[in-house]
Amino acid sequence: MKDTRPAHKDAYELILEAIDVGVYTPGDRLVESELAERFGVSRTPIREALQRLETQSLLTRDGRSLIVASLTHDQMAELYVVRAELEGLAARLAARHATAEEVRVLRAMVNDDRKLLNDSSAMARANRRFHKQIHLASHNRYLVQQLDLVHRTMALMATTSLAIEGRGQDALAEHDAIVSAIEAGDGDAAYDALKAHISIAFEARLRHDAEALMAEG
């Protein structure tokens, strides 16, 4: 089936978005002809996009095939460490530089997202949007670029921690604390709140993965 997404997105963005939203998950094989048909583009830009994604370690080779990469435990831990520091910095800068309009948008997101608590997929999309808004509110283009790279790699996690029972409610409370600190212009509190948010999410994921292994055993 051909994808009907906006034509202005290039093949790289389309494939990356498909990985990000879970259309393709770690271990899935990506085939040029199938991707060209899905996205309605020729195979040349698809081939170039796949090469770019492989260079970024988002895809890996399995014989002659390209598959969506997966993260080892150590890679995931390293990613969370970097993410916590960069996200914390973004929150600190947002507390200093966000416009009144940007702060109101963040507050509205927290309020609106309460309606999504029973839909983990929608919550995951809203969570990405919320964090992206904080990145932009930092008004630091180089930090935004680094966070984009981190979040692209986060897409290699097969599940979202927001699917864990009760995590969505807790995450919203943490988002509320982050926004409150940004509203108050308290950079240190915003930094601490966002770092704590990432740490709690990581711990929830580790617990969930450990329980899944026990269930398999």
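Our subject is the structure listed above.
First, a word on what this report is: a plain description of the structure on this page. Keep in mind that this is a model prediction, so the values were computed, not measured.

What counts and how
Residues numbered from 1 in each chain as written. Predicted model: local features only at pLDDT ≥ 70, side-chain atom pairs only at ≥ 80, totals over all residues. Heavy atoms only, no water. Phe/Tyr/Trp six-rings, centres within 6.5 Å; stacked < 30°, edge-to-face > 60°. Helix = DSSP H or I, 4+ residues; strand = E, 2+ residues; numbered from the N terminus. Buried < 20%, exposed > 50% of the residue type's maximum accessible area, 1.4 Å probe, protein only. Lys NZ or Arg CZ within 6 Å of the ring centre and 35° of its normal. Axes fitted to C-alpha atoms, helices over the stretch in contact; angles between N-to-C directions. Parallel < 35°, antiparallel > 145°, perpendicular 65-115°, else oblique. Left-handed = near helix turned anticlockwise from the far one by under 90°. Contact = heavy atoms within 4.5 Å. Polar contact = N/O pair within 3.5 Å; in protein donor to acceptor, adjacent residues only side chain to side chain.

## Observations regarding the packing of aromatic side chains
Each aromatic ring pair is specified by the distance between its two centres and by the angle formed by the two planes.
Line of reasoning, step 1. One pass over the structure, following the stated rule, counts one aromatic pair.
Line of reasoning, step 2. Between Y80 and F202 the ring centres are 4.4 Å apart and the planes differ by 15°, which places this aromatic pair in the stacked class. Of this pair, Y80 sits in helix 4 (residues 73–97) while F202 sits in helix 9 (residues 187–216), placing them 122 residues apart in sequence. Of the two residues, Y80 and F202, both sit in the buried class.
Line of reasoning, step 3. Over the face of the ring belonging to Y12 we find R52, whose NZ or CZ atom lies 3.6 Å from the ring centre.

## Concerning the packing of helix 1 (residues 11–20) against helix 3 (residues 43–55)
Line of reasoning, step 1. The geometry of helix 1 relative to helix 3 is characterised by a closest axis approach of 8 Å and an angle of 60° between their N-to-C directions. With respect to helix 3, the axis of helix 1 lies oblique. Of the two possible hands of crossing, helix 1 and helix 3 adopt the one that is right-handed. Taken together, the residues of helix 3 that come into contact with helix 1 (itself represented by A11, Y12, I15 and L16) are P45, I46, A49, L50, R52 and L53.

## Notes on the side chain of E87
Line of reasoning, step 1. Looking at where E87 falls in the secondary structure, it is placed in helix 4.
Line of reasoning, step 2. Of the polar contacts made by the side chain of E87, one reaches the side chain of H131; its length is 3.1 Å.
Line of reasoning, step 3. Reaching out from E87, the side chain makes a polar contact with the side chain of H151 at a distance of 2.7 Å.
Line of reasoning, step 4. Beyond its immediate chain neighbours, meaning those up to four positions away, E87 contacts H131, H135, L147, H151, L194 and I198.

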